Every structure is written in C-alpha cells, then in structure tokens.
Amino acid sequence: MPQAQTADVVLESSNLSLWYGSARALSSISLEIPKNQVTAFIGPSGCGKSTLLRCFNRLNDLVDLVRIEGDILYEGRNIYVPEVDVNRLRKRIGMVFQKSNPFPKSIYENVAYGCRIHGVKRKAELDEIVERSLRGAALWTEVKDRLQDSALGLSGGQQQRLCVARAIAVEPDVLLLDEPCSALDPVATAKVEDLIHQLKNDYTIVIVTHNMQQAARVSDRTAFMYLGELVETGPTQEIFTNPKMRQTEDYITGRFG
Amino acid sequence: MAIKPHIDRHFDDELRELRGRVLEMGGFVEKQIADAVRVLENRNAREAEKVIERDQVVNQMDVEIEEMCLRMLALHQPAARDLRFITTAMKINADLERAGDMAQNICERAMELSREPQLKPYVDVPRMARMTQEMLQDCLDAFVREDCDLALSVCRADAAVDALLQQIFRELISYMVEDPATISRAMRIIFISKYLERVADHATNIAEMVVFLVKGKSIRHMDEPPTEV
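Residues numbered from 1 in each chain as written. Chains lettered and ligands numbered in written order. Predicted model: local features only at pLDDT ≥ 70, side-chain atom pairs only at ≥ 80, totals over all residues. Heavy atoms only, no water.

Here we come to the interface of chain B and chain A. Across the contact, 16 residues belong to chain B and 14 residues belong to chain A. Carbon and sulfur atoms make up 50% of the surface buried where chain B meets chain A, a total of about 1400 Å² over both sides. If you sort the residues of chain B by the area they bury against chain A, K4, I7 and A80 of chain B come out on top, with a joint share of 33%. Seen at the junction of chain B and chain A, the total is 2 salt bridges. When residues in the side of chain B that touches chain A are grouped by element, the largest group, 5 residues, is from helix α3 (residues 80-114) of chain B. For the side of chain B that touches chain A, the residue count by class is 8 nonpolar, 3 polar and 5 charged. (Contact = heavy atoms within 4.5 Å. Buried area = accessible area lost by both parts, 1.4 Å probe. Salt bridge = Lys/Arg side-chain N within 4 Å of Asp/Glu carboxyl O. Helix = DSSP H or I, 4+ residues; strand = E, 2+ residues; numbered from the N terminus. Nonpolar A, V, L, I, M, F, W, Y, C, P; charged D, E, K, R; others polar.)

Relative to the 32 Å expected for 22 residues at 1.5 Å per residue, helix α4 (residues 124-145) of chain B spans 31 Å between its end C-alpha atoms, a close match to the ideal helical length. E146 of chain B sits one or two positions beyond α4 of chain B and adopts a positive phi of about 50 degrees. (Expected span 1.5 Å × (residues − 1).)

All names here are of chain B. All told, the structure shown has 35 salt bridges over all chains when counted by the stated rule. Residue E146 pairs with R81 through a salt bridge whose shortest N-O separation is 2.5 Å. Taken as a pair, E146 in the loop between α4 and α5 (148-178) and R81 in helix α3 lie far apart in primary sequence, 65 residues in all. The class for E146 is partly exposed, based on a relative accessible area of 21%. (Buried < 20%, exposed > 50% of the residue type's maximum accessible area, 1.4 Å probe, protein only.)

This part is about unusual backbone geometry. All names here are of chain A. The phi dihedral of S28 is positive, around 45 degrees, even though this residue is not glycine. With respect to the secondary-structure elements, S28 resides in strand β2 (residues 23-34). Unusually for a residue other than glycine, E171 sits at a positive phi of about 50 degrees. With respect to the secondary-structure elements, E171 resides in the loop between α6 (156-169) and β7 (174-178). For E171, a relative accessible area of 44% corresponds to the partly exposed category.

Pasting the structure below:
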C-alpha cells in the first residue's frame, strides 16, 4: 500500500485549527498530501472539509473573523507567513468550485485570462496554452470550433471542465476541487472523474466530495472528517473496505451517526 | 458496542434476510452430508436417490442467494463491513454449493458399493464425517455470531481430517495389495473419504471468510492457520 510518508509530500497541515469568530471549525488537523496522488476529503456537512481545502490556498483569508492556528507547509514552507505572495501561491495551487463559475466571456478568454494576468501577451503562445489546457480538461474536441462563443452557453458539465482548463492553464502544482461534480449529471460526472484520473499524472489533486462512491473511485487516499476533526486517513481501498475507526465505518456504511 | 442500524432501514432488512438464507442453506447442506453418510452405512440405494435429488434444492438456493447478493451490491453500493458481509456471503454460498455436491457424490459411490458385499465395517469414515459436519456447523455458527475464535478453531481442525484421510488411504491400500478383488470397493471408499475431506476444506474456506468478515484481514493460503488475528 502506498503510504503518504513514503511518497513526496507537497502539502502538509500541522496542528491546524481554525475559528469562524468563536466557532471552532477545524481542530488540530495534521495531514500530509502526497505528490501526484488524489486525496479525497469526506465527511458529513459542516465537518470542515471545505474549510480545510480552502486553507491550502488561503481562500479563508477573504472571510471575516477567521482565525487560524498551526501551519500549512507547501513544499516545506509555511504559507501563512507575511512574506508569502498570495497571488503567486494561488497560481501554484488552483481551485475548482462546486458551482461552475466561468467568466462571462468567450471560452478562449476564460482559459487565457489567468495567463494574461501573469504577463503572457503573445497570441501564438496564448493559443497554445488554450489548446493544451482545453485538451488537458478533455474539452478541446467539444469546443475547438467555437472558441469565441460565450462560455455561458456551455452545458454544466462543459462549464465545469472549462473551469478545470482555466485552473490548469497557469500550470499549477496542485488542484483543489471542491465538490466539482455535485451539480452535474452522471455522464458529466463520469467525464470529470475520468479527467481526474488523467490529471493526476501531472498534478496533485485534493477533492472534497459528498459522494462517497466518487471518493472511492477517484482517490488514492481518503481522509474522513467529523465535527472539525480528522478522524482517519489512509489508502482509499483500506478506508472503504476495512476502516480502523468506528466513526468512519458508520459514516461510509450509511449508519446513524 | 452494538452495530447501529442503517439510515436506509430497508437495507438492514435485506442484510438480515441474506444472513438467514445463507444459514438455511448451510443447515440444508449439513443435513445432506449427514444423510449421505447414513446412506453409506445403511447401504440404502433408495435413500441415496432422494439425497441426490435434493441437491437441486441446494443449487436453487445457490442461484437465489447469488442473485440477492448481486442485487444488494448494485443497489446499495455497500462499503466496509457491509461490503465484506455481502462478498463473504457470496463466497460462503459457493462453498456450500460445492459441499452439497460432495453429498451427492458420496451417495453415488454408496449406491455402487451397495451392489457388492461390504468390504469392512466402517469406523474411520463415519468418524471423519462427524468431524467434517462439526466443522461445517461451527463455521456457520462463527458466521452468525461473527466469532473469529470459533472460525480459527475450524481452520485448525482441518489438519485432523487430512490426517484421517491419510490413515484411511493407507489402510485401504493394504486391502488392495492383499486382494485385488477389493480394489473397486476400496477405491470407492477412498473417493468417499476424499469427498468428506473436501467438505472439511469448504468449511475451512468459510471459516477463513468469517475471519475476513470480522477482522478485514485475509488469512487464506497460509501454511498454518494463525492462532490469533
């Protein structure tokens, strides 16, 4: 069984706690995210899995009254120190949200936008990035003849893959996926899952999902969270066939919690 | 701590029914083997035919239990203990079906033997039959009670059955060497011993699956059964 300890660790949270005002949302989470693997966070609503995910690229900075203790290390360096450039960090650690949120622009511009901001100007270079990213997100063949059409005209599943293309256009290391399929039908879901399998060759992926079968299908490692605590983490196969903790067992087998 | 019910209570009902069906089949196969050995001892060809006919019931149970397991896997997508329970039930089902076939085979040889004078009084074969029946009972009890220790004791008991088979084999070889006219009967008794030994192997498989069900660890294909898991 591949263990996190033996693989390269890209992201690591150590004794991470987070409060929204006086409410504690995360309690001393220590977790390693291994390189080029898919790590899934599962747990009931409100268990803190999205909050934890958003700590990895400091999206919680945007929320008022958030207080964080403990560290998150990205390639060994603490990302919660003042000298970190948050924009650079988010370029390295991209995110795709639950609800697809393409910009109200063309398909092409959606993908090219991030690269323009980061200083890419040459049309030929942008064209190449757009094609590579759309191919990477398994969307190219569906949209290559209508790149100048509005992204809002795409189906939900296509929009979500466009968001993946937009995220990978800036060549991040890590992709954070926050329930990327919860608004998609089974076919679109299958396409995104297939995409995740392909993407892990090049990226480290962390996915939050309510769909446990999805976690079982796409992830290499699974972390089960409950009431802001990390209950258990391990190879996905073990978590789903023989979890060590009773709480994990009760949750994944659908028993009263 | 007792296992909590599922949020989907219908799933609990189905799991309970599956457990009941496997037990029912286990009880039926146990009886088939007991009847088969009695047929051998009483040289009762009519009774043998009845046992052979009843194997159809075992086959029907096998088909139904397998369908039930497949349906539950497809519809409920079980995980962890539930997944182990259903896959274990499927494997136990297959082993019970094969053990049932052994009862049929014993009856076929017993019918052939009943057409000739009895070679010798049966001592070791009924003993072996008792041991294998006990193993079958114990492994099914272990399944119901999810009793890992009882399952492990079944695994350990298999060695005694194997030893008894060797003893019967040696004894009957001496008969055949002394008098070739005994060969056809001696061979049939050896076959029957081998069938019983197979039943003990199926019971051992079931016991190993019970350990997997309870502990989530495979103890199959080990040279010696472990003393604890």
